[in-house]
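Listed below are the residues making up each chain.
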Number of protein chains: 2
Amino acid sequence: MENRGETQDDVAAGSIGDWATCSADPGYRAAVLDLLGALAYGELSAFERLAEDAKLAPDLADKAALARMASAEFQHYQRLHDRLAEIGADPQEAMRPFVEPLELFHRMTAPSDWLEGLVKAYVGDAIATDFYREVAVRLDDDTRDLVLGVMSDTGHARFAVDKVRQAIEADPRAGGRLALWGRRLMGEALSQAQRVVAERDALSNLLVGGVRVQGFDLVEVGKMFNRITEAHTRRMAALGLAS
Amino acid sequence: MENRGETQDDVAAGSIGDWATCSADPGYRAAVLDLLGALAYGELSAFERLAEDAKLAPDLADKAALARMASAEFQHYQRLHDRLAEIGADPQEAMRPFVEPLELFHRMTAPSDWLEGLVKAYVGDAIATDFYREVAVRLDDDTRDLVLGVMSDTGHARFAVDKVRQAIEADPRAGGRLALWGRRLMGEALSQAQRVVAERDALSNLLVGGVRVQGFDLVEVGKMFNRITEAHTRRMAALGLAS
């Protein structure tokens, strides 16, 4: 009875056990390798894009602010990389399946100026955070701590919101253009995410049901994407932009 | 007598005193603001270039290695920025005079491929280190500790030397092209450095004589540039390249 009670408490608190226990299931292990690989490449890629956007900065203080964010993303990358190595995976191999979808996303959404770059940094970071929070509840304790740790705010949100609001105040027409831009970012993000979901079975199972659910449920994936889209809509409104 | 003895010991150890004492001289203070401003923008600019070069990396491990160096440069930038603020300077203002010469240097020496980027990172970092070591002996203790601290190896040297040597081994013709490239880098670096020396009086006085020497001595500047060029020649030979 006492043991069952503890188990129910654990479930209520969202715990499915630690890495040592959960990783005994090869499907779970494969899913976590995918997840950490996707997250690691996402961080490395965010580093690159933020460093690229730093070049568009109107002054040295803004340039340094973006360089600071880029460096923070790199520190996150390093933690994910080291964790992959620690659990016996090849970090390069784990990242590889996600290089193409992420590069394609970035190619389709190359900012044409400083403000588009800021909106992309803000929106992109927020979508990624929503996604990893959705998935975190289905993870073992060790992996969840790592994922939530590297998803901690790197200062994008406040910096971007302030700068974008100032720009729209100074030139209200910028709002219309940036609203369109926000929609395009979300569309491309969903399209690449759906591609990844379709191609990575283990990861998809984890996304929709965790270790307890077998089989792939498109309806559940759709619901998750809807929740992320709704959160995006609220954020665009906070920026003063219609989505 | 005892006091004079201590002073001679200090001079022998290369100490001209701490920042509080030395900065009472407005010429010295101006020179250090220039030096820290140049160094800070150099680090921010190195961050940008390394991040840019990371895109040319042939694989994910190399890309991550360059991103790691870029992040290390950013941490250095942050320390210099914070020090400028601490001594009551505006970091943006202090950096401004060095933006154009450094950007011009980078525009004249944009690497066309991964190997050129590596040679540039290696050579550029080494020239900067030589330069700051030359000047460090003329600095007050506090500024010298900071300058030598941020000049500590960020891992460029070993990584670049290994990769370039492997590439020349695999394709000996690459050696000739990279030797030319090294010469061009040194030429452009000297040309921008001479421009800075001609335009920044306080900094130039510090370079050639420190606080004890007044008046600008072109012969001394020439000798310093010669020492740096000689060190460059030895490094290119270590890379397997004729300079």
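Residues numbered from 1 in each chain as written. Chains lettered and ligands numbered in written order. Predicted model: local features only at pLDDT ≥ 70, side-chain atom pairs only at ≥ 80, totals over all residues. Heavy atoms only, no water.

Going by an unreviewed UniProt entry, chain A carries the name Ferritin-like domain-containing protein and comes from Kitasatospora putterlickiae.

**Details of empty space enclosed by the protein**
Residues and elements named next belong to chain A. The final tally for this structure, using the stated rule, is 2 cavities of 30 Å³ or more. Forming the walls of the largest cavity are 41 residues, and the residues nearest its centre are Gly 42, Leu 102, Gly 124, Ala 128 and Tyr 132. At the level of secondary structure, the elements contributing two or more residues to the lining of the largest cavity comprise helix 3 (26-54), helix 4 (60-86), helix 5 (91-108), helix 6 (114-136), helix 9 (173-199), helix 10 (201-209) and helix 11 (218-238). Ranked by residues supplied to the lining of the largest cavity, first place goes to helix 6 with 10 residues. Here the residues of the lining of the largest cavity sort into 25 nonpolar, 10 polar and 6 charged. (1 Å grid on protein atoms, 1.4 Å probe; cavity = no way out; pocket = protein on both sides within 12 Å on 5 of 7 lines; lining within 4 Å. Points joined across faces, edges and corners; volume = space filled by probe spheres on them. Helix = DSSP H or I, 4+ residues; strand = E, 2+ residues; numbered from the N terminus. Nonpolar A, V, L, I, M, F, W, Y, C, P; charged D, E, K, R; others polar.)

**Digging into the packing of aromatic side chains**
Throughout the structure, instances matching the rule amount to 11 aromatic pairs over all chains. Judged by centre distance (6.2 Å) and plane angle (45°), the ring pair of Trp 19 of chain A and Tyr 28 of chain A falls under tilted. Of the two residues, Trp 19 of chain A and Tyr 28 of chain A, both sit in the buried class. Taken together, the ring pairs connect Phe 47, Phe 74 and Tyr 77 of chain A together with Phe 47, Phe 74 and Tyr 77 of chain B into an aromatic cluster. (Phe/Tyr/Trp six-rings, centres within 6.5 Å; stacked < 30°, edge-to-face > 60°. Buried < 20%, exposed > 50% of the residue type's maximum accessible area, 1.4 Å probe, protein only.)

**What about the layout of surface pockets?**
Residues and elements named next belong to chain B. In this model, the largest pocket occupies a volume close to 1100 Å³. For the largest pocket, the lining is made up of 49 residues, of which Leu 102, Phe 105, His 106, Gly 124 and Ala 128 are closest to its centre. Among the secondary structure elements, those contributing two or more residues to the lining of the largest pocket are helix 3 (26-54), helix 4 (60-86), helix 5 (91-108), helix 6 (114-136), helix 9 (173-199), helix 10 (201-209) and helix 11 (218-238). Here the lining of the largest pocket gets 11 residues from one element, more than from any other, and that element is helix 6. Taken together, the residues that form the lining of the largest pocket break down as 30 nonpolar, 11 polar and 8 charged.

**Overview of the nonpolar core**
Tyr 132 of chain A together with Tyr 132 of chain B are the most contacted members of the largest nonpolar core, which has 152 residues in total. What Tyr 132 of chain A contacts, discounting residues up to four positions off in sequence, is Leu 35, Ala 38, Leu 39, Val 147 and Met 151 of chain A. (Core = buried A, V, L, I, M, F, W, Y, C linked by side-chain atoms within 4.5 Å. Contact = heavy atoms within 4.5 Å.)

**Here's the deal with the pattern of salt bridges**
By the definition in use, this model includes 34 salt bridges over all chains. Put simply, Arg 227 of chain B and Glu 134 of chain B hold a salt bridge, and the shortest N to O gap is 2.7 Å. Of this pair, Arg 227 of chain B sits in helix 11 while Glu 134 of chain B sits in helix 6, placing them 93 residues apart in sequence. Arg 227 of chain B gets classed as partly exposed once you look at its relative accessible area, which sits at 36%. Glu 134 of chain B sits in the buried class, given a relative accessible area of 19%. Shared partners join several salt bridges into a network, and the residues in it are Glu 52 and Lys 55 of chain A together with Glu 52 and Lys 55 of chain B. (Salt bridge = Lys/Arg side-chain N within 4 Å of Asp/Glu carboxyl O.)

**Some remarks on the relation of the copies chain A and chain B**
Of the transformation superimposing chain A on chain B, the axial component is 0.0 Å and the angular component is 180°, with the fit at an RMSD of 0.0 Å. One copy is carried onto the other by what is essentially a two-fold rotation axis. For chain A, the smallest separation between a C-alpha atom and the rotation axis is recorded for Ser 71 of chain A, amounting to 2.5 Å. Both copies share a contact surface, since 100% of the interface residues of chain A are interface residues in chain B too. (Least-squares fit on C-alpha atoms with pLDDT ≥ 70 in both.)

**Some remarks on the side chain of Gln 192 of chain A**
Tracing the backbone shows Gln 192 of chain A in helix 9. With residues near it in sequence (within four places) discarded, Gln 192 of chain A still touches Pro 101, Leu 104 and Phe 105 of chain A.

**Section: the interface of chain A and chain B**
Facing the 24 residues of chain A at the interface are 24 residues of chain B. Contact with chain B buries surface across chain A, with Phe 47, Glu 48 and Leu 60 of chain A losing the most and accounting together for 27% of the total. The tally of links between chain A and chain B comes to 4 salt bridges. For Glu 52 of chain A, the salt bridge is made with Lys 55 of chain B, and the minimal N-O distance between the two is 2.3 Å. Scanning the region where chain A abuts chain B turns up 8 residue pairs in polar contact (both at pLDDT 80 or more). Contributions of two or more residues to the side of chain A that touches chain B are made by helix 3, helix 4 and helix 5 of chain A. The element that contributes the greatest number of residues to the side of chain A that touches chain B is helix 4 of chain A, accounting for 12 residues. A class-by-class count of the residues in the side of chain A that touches chain B yields 14 nonpolar, 4 polar and 6 charged. (Buried area = accessible area lost by both parts, 1.4 Å probe. Polar contact = N/O pair within 3.5 Å; in protein donor to acceptor, adjacent residues only side chain to side chain.)

**Observations regarding the confidence of the model for chain A**
With 88% of its residues at a pLDDT of at least 70, chain A reaches an overall mean of 85. Here residues 1-12 of chain A scores under 50 on pLDDT; set against residues more than four positions off or in separate chains, the count is 2 contacts. (pLDDT = per-residue confidence, 0-100.)

**Considerations on the packing of helix 3 of chain B against helix 7 (residues 141-150) of chain B**
All names here are of chain B. Relative to each other, helix 3 and helix 7 sit at 15°, their axes nearing to 12 Å. Classified by the angle their axes make, helix 3 and helix 7 are roughly parallel. Between helix 3 and helix 7 lies a crossing of left-handed hand. Contacts between helix 3 and helix 7 involve Val 32, Leu 35, Leu 36, Leu 39 and Glu 43 from the former and Thr 143, Leu 146, Val 147 and Val 150 from the latter. Looking at the contact of helix 3 with helix 7 residue by residue, the classes come out as 7 nonpolar, 1 polar and 1 charged. (Axes fitted to C-alpha atoms, helices over the stretch in contact; angles between N-to-C directions. Parallel < 35°, antiparallel > 145°, perpendicular 65-115°, else oblique. Left-handed = near helix turned anticlockwise from the far one by under 90°.)

**Details of helix 5 of chain B**
Residues and elements named next belong to chain B. The terminal C-alpha atoms of helix 5, which comprises 18 residues, lie 26 Å apart, in line with the 26 Å expected from a rise of 1.5 Å per residue. At Phe 98, helix 5 shows its maximal bend, which comes to roughly 40°, and the proline Pro 101 appears one to four places after that position. Looking at helix 5, one finds that the buried residues are Pro 91, Gln 92, Ala 94, Met 95, Phe 98, Pro 101, Glu 103, Phe 105 and His 106. (Expected span 1.5 Å × (residues − 1). Bend = angle between axes of the 7 residues up to and from the residue.)

**Things to note about the packing of helix 3 of chain B against helix 5 of chain B**
Residue and element names in this part refer to chain B. Where helix 3 contacts helix 5, the two axes come as close as 8 Å, and the packing angle between them is 45°. Taken together, helix 3 and helix 5 sit at an angle that is classed as oblique. Of the two possible hands of crossing, helix 3 and helix 5 adopt the one that is right-handed. When helix 3 is examined against helix 5, the residues Leu 33, Asp 34, Gly 37, Ala 38, Ala 40, Tyr 41, Gly 42, Ser 45 and Arg 49 are found in contact with a partner set consisting of Ala 94, Met 95, Phe 98, Val 99, Leu 102, Glu 103 and His 106. Taken together, the residues of the contact of helix 3 with helix 5 sort by class into 9 nonpolar, 4 polar and 3 charged.

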